[in-house]
Each structure stands twice: as structure tokens, then as C-alpha cells.
Amino acid sequence: MAYLVRTIVSSFWDEDKDEIPLDEIPANAIGDLKTKGNKLSLWRVDDLRELDTFGASIYSGYESGISKIMFVLLPFDEIEQSFNLEHSPEEGKTAIIGLEEYHYNISNLNYKKLGKLALLIRQALLNKKISYTYKVKNKKAIEIIKDLKEKGKVAIELLGNYARRKLDLPPKPSEVCKSCPYYN
């Protein structure tokens, strides 16, 4: 079964509080679904054993460290039937070569559709029989990035400064410092 994964901040969703009615999702949770151009970015995962690699992909772009990334997993077919889902590899921002092909957008989002999506996410978080969430820890993500880098599957120029520090690479040149001798 294929899933679409989206990173979330679990504390925004009050994931440990079963008593919150589905229609009373906190405003912070809605804010966690950051859109651009009325589109929401997601990644298709066909094999759940690859979730750590997708987590590493997210870590690869961060400028500062975080302890873990949490994903919510949404059934691909359900999202495809309920929303305007577009395959958009050109918009997949990742340093892991090849993963951009798994990028999708839900487009033409509005208040009502975003609310419907928030309900699906909240339902996934409340489902205790099947885990629809997944956490990727920092250490594991960095190990994967190192391994993929050794295999030539990391676009170094797309790495964020956090991953660069962990891989003993120089920081990204800033716009201000492009003339610095270090980068020339």
C-alpha cells in the first residue's frame, strides 16, 4: 500500500489527547500545514522500510539541528480520491538524489479542504491499532545521509548547514560571503 507522508509537529496536534473532538482541532495544527500558492507538499512512500531515508531527506535541508522528525502517513488512494493531487518532482526540494521523483502536491487548497485534510491527519494520530505516524531520530538520519553521500547519492550543494556540520563539510556560502576567499 502506498502512502503520502507529511512532516508534522506532534505537539501542535495534541496527539496524546484522545478527548479532543475531531472538529476542535487546535489552530496551531492548521498552521502546521504550511501551504505555498494554495499547495501542500507531500512525499509518496511505496515501501514503509524507506521512511528513514525520507526522514534523512528532510534533515538534509535543515540549517539547524532538531532531535527528531515526525511523519503522518496518509493512504495515497484516499488522498488521490479526495483532493487534487499532482505529481510534482520539479518542486521536490531534497539533497538526496532521486527522491524528488516521489514529490506530490495537493493543489487548489482552500479553508474547507484544509480542514478536511486536518481531520484525516487527526484521525491518523488517534488510530491506536495501526500506527500512522513515524519518528526519525537525528542520529539515524545523519547515518543515512553519510552512507548515501559515500554512494554519490547526495547533492552536496543542496545540503543545509546542519547536515554539513555533521558531515564535516564547510558551511554553505551566504549571499554576503560569496566573495570570501574560503569559497573561491
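Going by the structure above, here's the rest.
For clarity, every value in this text was computed on a predicted model and none was experimentally measured.

K.L.:
Describe the pairing of strand β5 (residues 103-107), listing the residues and the values that go with them.
P.N.:
Of all five residues in β5, five are buried, a share of seventy percent or more. For strand β2 (residues 40-45) and β5, the ladder comprises four bridges, and the chain directions are antiparallel. Looking across to β5, one finds that W43 is bridged to H103. In this sheet, β5 lies alongside strand β4 (residues 84-87) in antiparallel orientation, the contact comprising four bridges. Paired with N84 across the strands is S107, a residue of β5.

K.L.:
Mind laying out the nonpolar core, listing which residues take part and the relevant values?
P.N.:
Within the largest apolar cluster, 52 residues are counted, with the highest numbers of intra-cluster contacts made by W13, I79, L117 and I145. By residue number, the principal contributor to this core is helix α4 (residues 111-126), which donates seven residues. Discounting chain neighbours no more than four positions away, the residues touching W13 are I8, I25, A29, D32, L33, A118, I121, R122 and L125.

Calculation notes
Residues numbered from 1 in each chain as written. Predicted model: local features only at pLDDT ≥ 70, side-chain atom pairs only at ≥ 80, totals over all residues. Heavy atoms only, no water. Buried < 20%, exposed > 50% of the residue type's maximum accessible area, 1.4 Å probe, protein only. Helix = DSSP H or I, 4+ residues; strand = E, 2+ residues; numbered from the N terminus. Pairing = 2+ DSSP bridges. Core = buried A, V, L, I, M, F, W, Y, C linked by side-chain atoms within 4.5 Å. Contact = heavy atoms within 4.5 Å.

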